[in-house]
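Results of the structural survey
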Amino acid sequence: MILSSLIFIITLIFIIWQPKNLQIGTTAVIGAIVALVLGVVSFSDVLIVTDIVWDATLSFIGIIILSMVLDEIGFFEWCALKMAKFSNGNGFKMFVYSILLGAFVSALFANDGAALILTPILLAKMKILKLNMKSIIAFLLAGGFIADSASLPLVFSNLTNIVTANYFNIGFSEYISNMLLPFIVSVITSIVFLWILLRKDIPKQVDISLLKDPQSVLKSESLFYISWVFLGILLAGYFIGDAYDLPVSVFALGGGVLFLLIATLFKTVEPLHIIKEAPWQVVWFSIGLYIVVYGLKNAGLTEYLTIILQDLSQRGDTIAIIGTGFLSAFLSAIMNNMPTVMIMDIALQDIPNQALAYANIIGCNLGPKMTPFGSLATLLWLHVLAKNGVNISFAQYSKFGLIITPPVLLIVLLALAISF
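Here the structure is a predicted model, which means the values were calculated and not measured. (Residues numbered from 1 in each chain as written. Predicted model: local features only at pLDDT ≥ 70, side-chain atom pairs only at ≥ 80, totals over all residues. Heavy atoms only, no water.)

Considerations on the overall build of the protein
Helix and strand counts for the protein come out as 18 helices and zero strands. Computed over its C-alpha atoms, the radius of gyration of the protein comes to 21 Å, within 12% of the 22 Å expected for a compact globule of 420 residues. In terms of overall dimensions, the protein has a C-alpha envelope of 60 × 45 × 45 Å along the principal axes. Each of the 420 residues in the protein was classed as buried or not, and the buried ones make up 59%. Taking all contacts inside the protein whose residues are at least 6 apart in sequence as the whole, residues at least 24 apart take part in 83%. Accessible surface, the protein as shown: approximately 17,000 Å² in total, 67% of it carbon and sulfur. Treating the 20 positive side-chain charges of the protein as one cloud and the 22 negative ones as another, the clouds have centres 17 Å apart. (Helix = DSSP H or I, 4+ residues; strand = E, 2+ residues; numbered from the N terminus. Rg over C-alpha atoms; globule rule 2.2 N^0.38 Å. Buried < 20%, exposed > 50% of the residue type's maximum accessible area, 1.4 Å probe, protein only. Contact = heavy atoms within 4.5 Å. Areas by Shrake-Rupley, 256 points an atom, 1.4 Å probe, with all protein chains shown as cover. Lys, Arg positive; Asp, Glu negative; His and termini not counted. Charge placed at Lys NZ, Arg CZ, Asp CG, Glu CD.)

Okay, here's the thing in structure tokens:
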């Protein structure tokens, strides 16, 4: 356990620190190789991990490719400008609409997509509107939080969702039916608590006349309208795939590649540029870190967690759901939600209560917001902000996350208990 923990901690430190621009995926792979060489994991463990994460990883690639193409044609910028126009310059409405836009993007294009694509667009709009830095950071903090708290409704909304749904053989339709209420509650609760916490930094009125017309940012209006139809068909495809027990990645990756081809025919994107700029490091990060954490599983971590979870499961559904959710949240905050969801899924496999699998997802999606390194989406979000000249300190982020996350998490877990 000491050796496994040491490898994990050092790997995580280098992922967060990124000395000399060392990529997160490269660090995770190095950590996995060290774990393999030192015997913490075996080649058979690598195959097991790959079997667990391949669908989630391929789905992520597809969703990001689709998001990047839509971003290239002006889809998200159009949405952001429309959101601002609908607010009529009212600061409160703009704040709420920006959160709802973040929830929409997170649900359909995954939390990582929201962090990578929407953040720079919103930041650019805030600067055009000449908001002060406190107001800009308030909008960005709200957008960063909703990217994870709204990544609940669909299997592909978060990598943690895909991993857990595959692990417990939860179908697309079944997943939505159980997570719809928690998702709605999460979005509403997030808006309420974010407003309470950040309202002093939100301007009462904003001059939206500085913004350009939404239609002017579209590279191709025809392709823009086609994209809405395409998204509707793609969503229907997930339900059809569910009926035939097809992997999520068939539609996520297939849809991303197909839309890239369509956009290429419209001559609105450079396909090689999209493929080159896709965040491939996330693939290596996902697989590498999972292998490193599997070493903790081999050292007995899952056995300890199983004992705790079995005890919780005997105390009634509500206590079990809340306890499981907060345990996942705590682990995600200190060791990242990607490895946490797998460790918790393994620990839950012999406990006959599927509600706890959903509680694990909620904990792994919201809990990471308590620390800057809790989720990949947050790491990407902070990286995007730093590239654009906005630096949020560890203390500033943690203070925000520790205040807002626990109450929102508790209410969403209660909603899950009600839905079951």
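With respect to unusual backbone geometry
Peptide bonds are mostly trans, and most non-glycine residues show a negative phi. Although it is not a glycine, K130 adopts a positive phi angle of roughly 60 degrees. On the secondary structure map, K130 appears in the loop between α5 (91-128) and α6 (133-149). With phi around 55 degrees, D245 is a residue other than glycine that occupies positive phi space. Along the chain, D245 falls in the loop between α9 (221-243) and α10 (248-265).

Re the environment of C364
Among the structural elements, C364 can be located in helix α16 (residues 355-366). The exposure class of C364 is buried, given its relative accessible area of 0%. Each C-alpha atom of the pair C364 and S98 lies 24 Å from the other, and the pair is 266 residues apart in sequence. Apart from the residues within four sequence positions on either side, C364 is in contact with T160, S328, S332, N337, T340 and V341.

Some remarks on the side chain of S398
Residue position: S398 is located in helix α18 (residues 394-419). Polar side-chain contacts of S398 include one of 2.9 Å to the backbone oxygen of F394. Among all residues touching S398, those that are not within four sequence positions of it are M370, T371 and P372. (Polar contact = N/O pair within 3.5 Å; in protein donor to acceptor, adjacent residues only side chain to side chain.)

Examining the side chain of N158
By the secondary structure assignment, N158 is in the loop between α6 and α7 (159-167). Polar contacts involving the side chain of N158 include one to the side chain of S151, which spans 3.0 Å. Not counting chain neighbours up to four residues away, the residues in contact with N158 comprise N111, D148, S151 and N365.

Describing the nonpolar core
By size, the foremost hydrophobic cluster in this structure holds 163 residues, and its most contacted members are L70, F75, F109, L194, I362, W381 and I392. Top contributing element to this core by residue count: α5, with 18 residues. Sequence-distant contacts of L194, defined by excluding residues within four places in its chain, comprise F95, I99, A142, F145, R199, F400 and I404. (Core = buried A, V, L, I, M, F, W, Y, C linked by side-chain atoms within 4.5 Å.)

As for the packing of aromatic side chains
A full pass over the atoms with the stated rule returns 26 aromatic pairs. With centroids separated by 6.2 Å and ring planes inclined at 90 degrees, the aromatic side chains of F224 and W228 adopt a geometry described as edge-to-face. Highlighted residues: F224 and W228, both in helix α9, separated by four residues, approximately one helical turn. On the basis of relative accessibility, which here comes to 2%, the residue F224 falls in the buried class. Owing to a relative accessible area of 35%, W228 belongs among the partly exposed residues under this scheme. Through a chain of ring-to-ring contacts, three or more aromatic side chains come together here, namely F75, F76, W78, F104, F109, F224, Y225 and W228. (Phe/Tyr/Trp six-rings, centres within 6.5 Å; stacked < 30°, edge-to-face > 60°.)

Thoughts on the pattern of salt bridges
Two side chains bearing opposite charge may form a pair once their charged atoms approach each other closely. Considering all chains together, one arrives at four salt bridges under this definition. The salt bridge involving E72 is made with K219; its shortest N-O contact spans 3.1 Å. In this pair, E72 is assigned in helix α3 (residues 43-72) and K219 in the loop between α8 (172-198) and α9, connecting sequence segments 147 residues apart. Owing to a relative accessible area of 30%, E72 belongs among the partly exposed residues under this scheme. By relative accessible area, which is 49% here, K219 ends up partly exposed. (Salt bridge = Lys/Arg side-chain N within 4 Å of Asp/Glu carboxyl O.)

Digging into the packing of α8 against α9
Packing of α8 against α9 brings their axes to within 7 Å, and their N-to-C directions diverge by 115 degrees. One element, α8, and the other, α9, form an angle in the roughly perpendicular class. Along its contact with α8, which presents F172, S173 and I176, the element α9 presents L235, Y238, F239 and D242. Residue composition of the contact of α8 with α9, grouped by class: five nonpolar, one polar and one charged. (Axes fitted to C-alpha atoms, helices over the stretch in contact; angles between N-to-C directions. Parallel < 35°, antiparallel > 145°, perpendicular 65-115°, else oblique. Nonpolar A, V, L, I, M, F, W, Y, C, P; charged D, E, K, R; others polar.)

Looking at a nonpolar patch on the surface
On the surface, L3, V29, I30, I33, V34, V37, L38, I275, W280 and W284 cluster together into a nonpolar patch covering about 870 Å² of accessible area. Inspection of the secondary structure assignment puts W280 in the loop between α11 (271-277) and α12 (281-298). (Patch = residues over 30% accessible without salt bridge, like charges linked within 9 Å, V, L, I, M, F, W, Y side chains within 5 Å.)

Digging into α18
For α18, which comprises 26 residues, the first-to-last C-alpha distance of 36 Å matches the rise-based estimate of 38 Å (1.5 Å per residue) to within 8%. Of all the bends in α18, the greatest reaches close to 30 degrees and is centred on T405; the proline P406 follows between one and four positions later. Residues of α18 that are buried make contact with α6, α8, α14 (317-335), α16 and α17 (376-387). (Expected span 1.5 Å × (residues − 1). Bend = angle between axes of the 7 residues up to and from the residue.)

What about helix α1 (residues 2-17)?
With 16 residues, α1 extends 22 Å from end C-alpha to end C-alpha; this agrees with the ideal 22 Å at 1.5 Å per step. By the burial criterion, the buried members of α1 are S4, I7, F8, T11, L12 and I15. For α1, the buried positions fall inside an angular range of 125 degrees around the axis, keeping them on one side. The exposed set on the far side of α1, more than 90 degrees from its buried face, consists of I2 and W17. Where α1 is buried, its residues contact α2 (24-37), α12, α14, α15 (337-348) and α17. (Arc of directions from axis to C-beta.)

What is shown is where atoms sit, not what they do.
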